[in-house]
Amino acid sequence: MIIFRKLEERDLTQVLEWRTSEHVTQYMYTDIEKDLATQYVWFEKISNDDTQYYWIIEVKGAPIGLISLNQIDRKNKKATFAYYIGDLSYSIIAGRIHPYLYNFVFFELGLNKLYAEVMEGNDGMMKMHLHYGFTHIATFKEHIYKYDKFYNVEYFELMEDHWKDNCAKFHKFRADFVL
C-alpha cells in the first residue's frame, strides 16, 4: 500500500540524501549543496507557504520518495507538481504513484489543470505523462543551462475534464494527502 504523509522535519536528512543523489538531481533544474542547515531553511520556508505542499511517499512503512504540488494558483485552479523516487529498489512502482496525486488534485482540491515541465533526456517521465492523459503542449528550446550545456524542456498539461472523462480506470487509486 502506498501512503503519502506530510513532509516533517525528521525527514530532512533523508530528503537531502535523495535530492543530492545523481539519479534524482540529473533531471532537476538546480543542484543543491549537501548542507543540512540549508535544508532546514528550505523546510521552514515551504512550511509557511500555502502555494506548495510536500509529502513523503511510503510503501509498507518505508519512505521511498517525495511528491509535491507547487505553484498552486487557486484563482486560476492550476498547479504544477514534482516527484522522485529516492530509493531505487522501489523504482518498479514509480509509475503507479501519479494517479493518487491526480485524483487528489481533481476530486479533492478541485483544480482544473495540472502541468509539468520535463527536462530533455527524461524520456521515462515524458512517456508516463502521456500514459496518464497529459497532452504535450510545447518545447522550450535551450531552456535550462546545466552541466555546461543547454537543455530543452517539454511542457505537458492534464485537464480535469480529460482526467475525469477518459481516465476512469485510474480513479480507484485514492489516498489521503494532508495539507
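Residues numbered from 1 in each chain as written. Predicted model: local features only at pLDDT ≥ 70, side-chain atom pairs only at ≥ 80, totals over all residues. Heavy atoms only, no water.

**Student:** Give a detailed account of the overall build of the chain, specifying residues and quantitative values.
**Tutor:** A tally of regular secondary structure across the chain gives six helices and seven strands. Overall, the chain shows an N-to-C arrangement of helices and strands of β-α-α-α-β-β-β-α-β-α-β-β-α. In terms of principal-axis extent, the alpha carbons of the chain reach across some 45 × 40 × 35 Å. Looking at the chain as a whole, 46% of its 179 residues qualify as buried. Across the chain, every contact between residues at least 6 apart in sequence was considered, and the portion connecting residues at least 24 apart equals 61%. Counting 21 positive and 26 negative side-chain charges, the chain places the averaged centre of each group 6 Å from the other. (Helix = DSSP H or I, 4+ residues; strand = E, 2+ residues; numbered from the N terminus. Buried < 20%, exposed > 50% of the residue type's maximum accessible area, 1.4 Å probe, protein only. Contact = heavy atoms within 4.5 Å. Lys, Arg positive; Asp, Glu negative; His and termini not counted. Charge placed at Lys NZ, Arg CZ, Asp CG, Glu CD.)

**Student:** Could you give me a rundown of the environment of I56, with the residues and numbers involved?
**Tutor:** Its place among the elements puts I56 in strand β2 (residues 53-59). Along the primary structure I56 and I85 are separated by 29 residues, whereas in three dimensions their C-alpha atoms are 9.9 Å apart. In this structure, I56 is in contact with I3, F4, R5, L7, D11, V15, W18, P63, G65 and L66, ignoring residues within four places of it in sequence.

**Student:** Lay out the side chain of E160 with the relevant residues and their values.
**Tutor:** Relative to the assigned elements, E160 resides in helix α6 (residues 160-166). A polar side-chain atom of E160 sits 2.8 Å from a polar atom in the side chain of K164. In this structure, E160 is in contact with F106, L111 and N112, ignoring residues within four places of it in sequence. (Polar contact = N/O pair within 3.5 Å; in protein donor to acceptor, adjacent residues only side chain to side chain.)

**Student:** If you had to explain unusual backbone geometry to someone new, which residues and values would you point to?
**Tutor:** One non-glycine residue, K77, lies in the positive phi region at around 55°. Residue position: K77 is located in the loop between β3 (62-73) and β4 (78-85). A relative accessible area of 42% places K77 in the partly exposed class. For E142, which is not glycine, the phi torsion reads 45° and is therefore positive.

**Student:** Please provide a residue-by-residue account of the sheet that holds β2, values included.
**Tutor:** Pairing in this open sheet of seven strands is mixed, and the strands run β1-β2-β3-β4-β5-β7-β6 from one edge to the other. Of all strands in the sheet, those bounded by a partner on one side alone are β1 (2-6) and β6 (135-146). Averaged over neighbouring strand pairs, the angle between their axes works out to 30° when direction is ignored. Both β6 and strand β7 (residues 149-159) contribute to a ladder of eight bridges, which runs antiparallel. By the bridge assignment for β7, K146 is matched with K149. Along the sheet face, helix α1 (residues 12-19) touches β2, β3 and β4 and points at about 85° away from the line of β3. (Pairing = 2+ DSSP bridges. Axes fitted to C-alpha atoms, helices over the stretch in contact; angles between N-to-C directions.)

**Student:** Break down the packing of aromatic side chains for me, citing the residues and quoting the values.
**Tutor:** The tally for this structure, following the rule as stated, stands at 18 aromatic pairs. An angle of 80° between the planes, with centres 6.0 Å apart, marks the rings of W55 and F104 as edge-to-face. Of the two residues, W55 is situated in strand β2 and F104 in helix α4 (residues 98-108); the sequence distance between them amounts to 49 residues. The residues W55 and F104 share a single accessibility class, namely buried. With a centroid separation of 4.8 Å and an interplanar angle of 75°, the aromatic rings of Y132 and F170 are classed as edge-to-face. Of the two residues, Y132 sits in the loop between α5 (123-131) and β6 while F170 sits in the segment after α6, which places them 38 residues apart along the sequence. (Phe/Tyr/Trp six-rings, centres within 6.5 Å; stacked < 30°, edge-to-face > 60°.)

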